[in-house]
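Letter by letter, the chains look like this.
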Amino acid sequence: MIAEKAVQQREKMDLTFRQGAKDCIPTLLGYISIGLAAGIVGVSSHLSVMEVALLSALVYAGAAQFIICALMVANSSISAIILTTFIVNLRHFLLSATVAPKFTKYSLLKNVGIGALLTDESFGVSSSKIAKGEPINDRWMNGLNVTAYVSWIIACTVGAIFGHLLSNPEAFGFDFALTAMFLALLVLQIESVLPSKLNHYLRLILYMAILMIVLSFLVPSHVAVLISTIIVATIGVVTDK
Amino acid sequence: MSIHYPTLIIILGCALVTVVPRIVPFLVVRNIALPEPILKWLSYIPICILTALVVENFIIQTNDNVKVNWPVIIVVIPTLLIALKTKSLSITVISGVGMMALLRFFLLS
């Protein structure tokens, strides 16, 4: 009874807004470096600092922001830009569907707030916590999401303001921050898998890699991400014993 | 420090099509209990998406061809070993970025 209480107490302490913010810190290098780059690309695509800030606050999606800038420079039509953004960000539907069942007991408003700020990174951190069997709640998720959101807007805006000073952020290897982070999140995800299921998961990762590379020759990479995820998750269910 | 009208329309439109797929599952799941096979399917999404987000960087798509991104593939291997050894997000990211910076430095010099 006492031990149970102690566990509950610890879980409560671990699940504060502050802890969520703390759990966001390892991902910040990714947000900040890509945000700075997105700001630089924004101003070099003739957006004003205000427009870059608004874009990062309202769209809040790295890959999409780069693509929006590229399409604006190429003088694409407004409808083409919006349609492309929709396809690029459609993977968020899968991310939200994965995390949403954990938040059904909270209010509608809280669910909308958590969903609106879900990104690849906050999804990665929360799903690795879920995979480890640890509880998550609204305050922790908001701490994670809001910290990321604020850092992103600041990074994009600072990037836009100082855009002309740092012309080649790639030389510092910062663009690799996201790849390294997704790789680490994948390792953490696998680590929490039962040993008896490990082979099943490793096989799915191999299928994913092969399918992604094959599809890259046929469709844009953001479409490849969607198609291969849908196919391999289905293979996962069908071959699951 | 200005916002042009067409740009504003693009930003608002893109914001709408980004936020809707993010929110809809949260609204649907509140009202409908998902069947077991769907929940199982969703349990495979994290490893699939995370693998996709890593592998996406192995190739560079241009208008008319596909190229292998060798620097990324070379640095991913030691980064994976560091991730497996440390199980730490921050150590993996920082050492990955450092190794990529070193590789670029030696490739460019």
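Calculation notes
- Residues numbered from 1 in each chain as written.
- Chains lettered and ligands numbered in written order.
- Predicted model: local features only at pLDDT ≥ 70, side-chain atom pairs only at ≥ 80, totals over all residues.
- Heavy atoms only, no water.
- Contact = heavy atoms within 4.5 Å.
- Buried area = accessible area lost by both parts, 1.4 Å probe.
- Salt bridge = Lys/Arg side-chain N within 4 Å of Asp/Glu carboxyl O.
- Polar contact = N/O pair within 3.5 Å; in protein donor to acceptor, adjacent residues only side chain to side chain.
- Helix = DSSP H or I, 4+ residues; strand = E, 2+ residues; numbered from the N terminus.
- Nonpolar A, V, L, I, M, F, W, Y, C, P; charged D, E, K, R; others polar.
- Core = buried A, V, L, I, M, F, W, Y, C linked by side-chain atoms within 4.5 Å.
- Buried < 20%, exposed > 50% of the residue type's maximum accessible area, 1.4 Å probe, protein only.
- Phe/Tyr/Trp six-rings, centres within 6.5 Å; stacked < 30°, edge-to-face > 60°.
- Expected span 1.5 Å × (residues − 1).
- pLDDT = per-residue confidence, 0-100.

## Remarks on the interface of chain A and chain B
Contact residues are listed per partner, giving 93 residues for chain A and 68 residues for chain B. Each partner contributes to the roughly 7,300 Å² buried at the junction of chain A and chain B, and carbon and sulfur atoms together form 79% of this total. Between the two partners, chain A and chain B, sit 1 salt bridge. Asp240 of chain A is the partner of Lys40 of chain B in a salt bridge, and the nearest nitrogen-oxygen pair spans 2.7 Å. At the boundary of chain A with chain B, the tally comes to 18 residue pairs in polar contact (both at pLDDT 80 or more). Looking at which element gives the most residues to the side of chain A that touches chain B, the answer is helix H10 (residues 176-191) of chain A, with 15 residues. Of the residues belonging to the side of chain A that touches chain B, the class tally is 63 nonpolar, 23 polar and 7 charged.

## Re the nonpolar core
The nonpolar side chains of a soluble globular protein tend to be buried, and buried together. If you look at the biggest cluster of nonpolar residues, it comprises 92 residues, and the most contacted ones within it are Val59, Ile68 and Phe103 of chain A. For this core, the element with the most residues is H10 of chain A, which contributes 12 residues. With sequence-adjacent residues up to four places away left out, Phe103 of chain A is seen in contact with Asn111, Ile114, Ile136, Asn137, Asp138 and Met141 of chain A together with Phe26 of chain B.

## Examining the environment of Ile91 of chain B
Residue and element names in this part refer to chain B. Within the secondary structure, Ile91 is located in helix H5 (residues 89-108). You can call Ile91 partly exposed: its relative accessible area is 45%. Among residues more than four places away in sequence, those in contact with Ile91 are Ile82 and Thr86.

## Points about the environment of Leu102 of chain B
Within the element layout of this structure, Leu102 of chain B appears in helix H5. Expressed as a C-alpha distance, the spacing of Leu102 of chain B and Ile23 of chain B, which sit 79 residues apart in the sequence, is 41 Å.

## Remarks on unusual backbone geometry
Excluding glycine, residues mostly carry a negative phi; peptide bonds, for their part, are mostly trans. Residue and element names in this part refer to chain A. Positioned with a positive phi, His46 is a non-glycine residue whose angle comes to about 70°. Following the sequence through the fold, His46 ends up in the loop between helix H2 (17-44) and helix H3 (49-58). Residues other than glycine seldom take positive phi values, yet Tyr60 does so here, at roughly 50°. Its location among the elements puts Tyr60 in the loop between H3 and helix H4 (62-73).

## A few points about the packing of aromatic side chains
Per the counting criterion, the structure on display carries 5 aromatic pairs over all chains. Where Tyr60 of chain A meets Tyr149 of chain A, the ring centres are 4.8 Å apart and the plane angle is 75°; that geometry is what we call edge-to-face. Here the residue Tyr60 of chain A occupies a position in the loop between H3 and H4, and Tyr149 of chain A occupies one in helix H9 (residues 138-161), the gap between them amounting to 89 residues. Given the relative accessible area of 3%, Tyr60 of chain A is considered buried. Ring geometry for Tyr201 of chain A against Tyr44 of chain B: centres 5.5 Å apart, planes inclined by 35°, an arrangement best described as tilted. Taken together, the positions of Tyr201 of chain A in helix H11 (residues 198-216) and Tyr44 of chain B in the loop between helix H2 (36-43) and helix H3 (45-55) put the pair across two chains. Tyr44 of chain B shares its class with Tyr201 of chain A; the two are buried. In this structure an aromatic cluster arises from ring pairing among Phe103 and Tyr106 of chain A together with Phe26 of chain B.

## A short note on H11 of chain A
Between its terminal C-alpha atoms H11 of chain A stretches 27 Å, which fits the 27 Å expected from 19 residues at 1.5 Å a residue. Its buried side turned inward, H11 of chain A meets H10 and helix H12 (221-239) of chain A together with H2, H3, strand E1 (59-61) and strand E2 (66-68) of chain B.

## Some points on the confidence of the model for chain B
Residue and element names in this part refer to chain B. Of all residues in chain B, 97% attain a pLDDT of 70 or more, and the chain-wide mean is 92. The secondary-structure element of chain B with the lowest mean pLDDT is H5, recorded at 89, while helix H4 (residues 70-86) shows the highest, at 96. Model confidence for the complex is summarised by a pTM of 0.84, with the ipTM given as 0.89.

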